Amino acid sequence: MNIAILLTISRFACAPVLAFLLYRAVMPQTSLFYVLSSFILFVLLELTDAFDGFIARRRKEVTVLGKLLDPIADSLLHTTLLVIFLVAKIIPLWLFFIFIYRDSFLLVIRSLYASNNKIQGARLSGKVKTVSLSIAFFIIIIINVFYNLNIHFIPNEFYGRHFGFYLLSISAILTLLSAIDYAIAERSLLKKSINVKV
């Protein structure tokens, strides 16, 4: 097993740890330990996402397993964070569903590719969606750090909504556009699959 895959797997392994730390960090009267720990771990996990593909290409160790695991690890990590923000009432349920349904749709497409012994390639819209989520998560978590250090440079709420709601709403729009982009790009595959009998 190469280094790139190990970095990818680390996101699977550390997602529950980040969930626990972040859950404690966003709760009222939390300790600075949970706030800083969740921030540091989040940054480290996002760095593994940035470097696993780079390392695999640099060392010429790009594998089928790596291509399969990387988007799943991203989705799992981001869904974990969204669940915590949902529980903390930073985002509403309907916004959470936008991300879940899009990822479920992509899972169907990946399964169709796998049934034809192929791997679905990442599209630009998917990469933009992932980056927008990472940026939104980073801003929400870093603001939480500042609040716990009694540095209030941004209001906690705008018009009755947490600041993070507006950031993740932008990501949700990009998520919907990404789903539409994949649906259009893979329309021939979807049509073909509808007519295939087993």
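> Residue-level account of the overall build of the protein chain, with values.
Helices and strands together make up the secondary structure of the protein chain, namely 7 helices and 2 strands. Secondary structure elements in the protein chain, listed N-terminal to C-terminal, are α-α-α-α-α-β-β-α-α. Relative to its length of 198 residues, the protein chain is compact, with a C-alpha radius of gyration of 18 Å against a globular reference of 16 Å. Taking all 198 residues of the protein chain together, the buried fraction comes to 42%. A separation of at least 24 residues holds for 78% of the contacts in the protein chain among residues at least 6 apart in sequence. Working note: accessible area of the protein chain is about 11,500 Å², and carbon and sulfur atoms make up 69% of it. In the protein chain, which carries 19 positive and 10 negative side-chain charges, the distance between the mean positions of the two groups comes to 7 Å.

> Any chance you could break down the confidence of the model for the protein chain for me, citing the residues and the numbers?
For the protein chain, per-residue confidence averages 87 on the pLDDT scale, and 98% of positions sit at 70 or higher. Per-residue pLDDT, averaged within each element of the protein chain, yields its smallest value for strand E1 (residues 157–158) (78) and its largest for helix H6 (residues 163–185) (93).

> Tell me about the packing of aromatic side chains, and name the residues and values.
Under the counting rule described, the total for this entry stands at 11 aromatic pairs. Pairing Phe42 with Phe137 gives two aromatic rings, centres 6.4 Å apart and planes at 90°, and the pair type is edge-to-face. With Phe42 in helix H2 (residues 32–58) and Phe137 in helix H5 (residues 124–148), this residue pair connects regions lying 95 residues apart in the sequence. Given the relative accessible area of 0%, Phe137 is considered buried. Geometrically, the ring pair formed by Phe97 and Tyr101 is stacked, given 5.4 Å between the ring centres and 5° between the ring planes.

About the criteria used
Residues numbered from 1 in each chain as written. Predicted model: local features only at pLDDT ≥ 70, side-chain atom pairs only at ≥ 80, totals over all residues. Heavy atoms only, no water. Helix = DSSP H or I, 4+ residues; strand = E, 2+ residues; numbered from the N terminus. Rg over C-alpha atoms; globule rule 2.2 N^0.38 Å. Buried < 20%, exposed > 50% of the residue type's maximum accessible area, 1.4 Å probe, protein only. Contact = heavy atoms within 4.5 Å. Areas by Shrake-Rupley, 256 points an atom, 1.4 Å probe, with all protein chains shown as cover. Lys, Arg positive; Asp, Glu negative; His and termini not counted. Charge placed at Lys NZ, Arg CZ, Asp CG, Glu CD. pLDDT = per-residue confidence, 0-100. Phe/Tyr/Trp six-rings, centres within 6.5 Å; stacked < 30°, edge-to-face > 60°.

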